[in-house]
Amino acid sequence: MKKFSLLKVLVSLLLFSSLSLNVLLWQKANQNLPGEKVLGVIDGDTVVLEQNVKLRLRHLDAPELQFCGGEEAKKILEGLILGKKVTIKEQIIDNYGRPMALIYADKTLINLEMLKSGWARYHSDKTTKTEALKAAADLAKNAKTGIFSSKCLQLKNPDNPQC
């Protein structure tokens, strides 16, 4: 009976040690991935990276949080990249001194996903992805998704139909 209990304890220790080592190795491997970790999402077009660097997504403008679609845009962006490592490409400084870039999570272009969702407007810019981003924005607008849906876009002013 004592041998059986001792065997259970040894097997349990071995399993626990193996599991702990695997978790430690997995964490270490993920720390060495290239890119910057996304620590936060401010709104639908701005993220916070390691060292508290704010970065805006190029080619798009999402509504501010207090406007229609602002919360939805933020939630979509959070779902795409919050807590993940991202790769920054074609970074520039805009007219207001803010850094902007194309942002990739794995091989997914996050700027493109935001425009496809319809929760951001296309902003004209020159990058290697300009045509694809413009096309995605046009599709979302024509399909009346996101901010282009009846939820956010009114074609008639209910208070003044002549307007």
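First things first, this report covers the structure right here in the doc. Only a predicted model underlies this, so the values are computations on that prediction, with no experimental measurement involved. Per chain, residue numbering runs from 1 following the sequence as it is written. Reporting of local features is limited, given that this is a predicted model, to residues whose pLDDT is at least 70; pairs of side-chain atoms are given and counted only at 80 or more, and all residues count toward the totals for whole chains, interfaces and linings. Only heavy atoms go into the side-chain values, all of them from the structure, while hydrogens and water stay out.

Brief notes about the overall build of the protein chain
Inference 1: By the criteria applied, helices consist of DSSP H or I runs no shorter than four residues and strands consist of E runs no shorter than two, each listed in order from the N terminus. Across its full length, the protein chain carries 4 helices and 8 strands.
Inference 2: Each residue is assigned to one of three classes by its accessible area relative to the maximum for its type, calculated with a 1.4 Å probe on protein chains only: buried under 20%, partly exposed between the two thresholds, exposed over 50%. When burial is assessed residue by residue, the protein chain has 32% of its 163 residues classed as buried.
Inference 3: Any two residues whose heavy atoms approach within 4.5 Å at even a single point are treated as in contact. Long-range contacts, defined here as pairs at least 24 residues apart, represent 57% of the contacts in the protein chain between residues at least 6 apart.
Inference 4: Accessible area for the protein chain stands at about 11,200 Å²; split by element, carbon and sulfur atoms hold 58% of it. Using a 1.4 Å probe, the Shrake-Rupley method yields the accessible areas, and only the shown protein chains count as cover for residues.

Observations concerning the pairing of strand S3 (residues 53-57)
Inference 1: DSSP bridges decide pairing: two strands pair if at least two such bridges lie between them. Bridge analysis of strand S2 (residues 46-49) against S3 gives 4 bridges, and the strand direction is antiparallel. Along S3, the bridge assignment pairs threonine 46 with arginine 56.
Inference 2: Hairpin geometry of S2 and S3 is characterised by an intervening segment of 3 residues between the two adjacent antiparallel strands and by a positive phi of about 60° at glutamine 51.
Inference 3: Both S3 and strand S6 (residues 99-105) contribute to a ladder of 2 bridges, which runs parallel. Paired with leucine 57 across the bridge in S6 is alanine 101.

Here's the deal with the packing of aromatic side chains
Inference 1: Here the aromatic set is Phe, Tyr and Trp, taking the six-membered ring for Trp, and pairing holds for ring centres within 6.5 Å; pairs whose planes are under 30 degrees apart are stacked, those over 60 apart are edge-to-face, and all others are tilted. Within this structure, the stated rule accounts for 0 aromatic pairs.
Inference 2: Criterion for a charge above a ring: Arg CZ or Lys NZ at most 6 Å from the ring centre, at most 35 degrees from the ring normal. The aromatic ring of tyrosine 104 is capped on one face by lysine 89, whose charged end is 5.4 Å from the ring centroid.

Description of the side chain of threonine 130
Inference 1: Tracing the sequence through the fold places threonine 130 in helix H4 (residues 130-142).
Inference 2: When its relative accessible area of 14% is taken as the criterion, threonine 130 is described as buried.
Inference 3: Among the polar contacts listed, one links the side chain of threonine 130 to the backbone oxygen of aspartate 125, at a separation of 3.0 Å.
Inference 4: Residues contacting threonine 130, with those up to four places away along its chain left out, are His59, Tyr122 and Asp125. Counting of polar contacts relies on pairs of N or O atoms within 3.5 Å, with two restrictions inside protein: one atom must be capable of donating a hydrogen and the other of accepting it, and residues adjacent in sequence are counted only when both atoms are side-chain atoms.

Focus on the state of the cysteines
Chemically, a disulfide is nothing more than a covalent bond linking the sulfur atoms of two cysteines.
Inference 1: Count a disulfide wherever a pair of cysteine sulfur atoms falls within 2.5 Å. Overall, the coordinates contain 1 disulfide when judged by the stated rule.
Inference 2: One disulfide in the model links cysteine 68 with cysteine 152; its S-S distance is 2.0 Å. A torsion of -75° about the S-S bond marks the disulfide between cysteine 68 and cysteine 152 as left-handed. Here the residue cysteine 68 occupies a position in the loop between strand S4 (60-61) and helix H2 (70-81), and cysteine 152 occupies one in the segment after H4, the gap between them amounting to 84 residues.
Inference 3: Residue cysteine 68 is classed as partly exposed on the basis of its relative accessible area, which comes to 33%.
Inference 4: Given the relative accessible area of 23%, cysteine 152 is considered partly exposed.

Distances and angles like these do not, on their own, reveal function.
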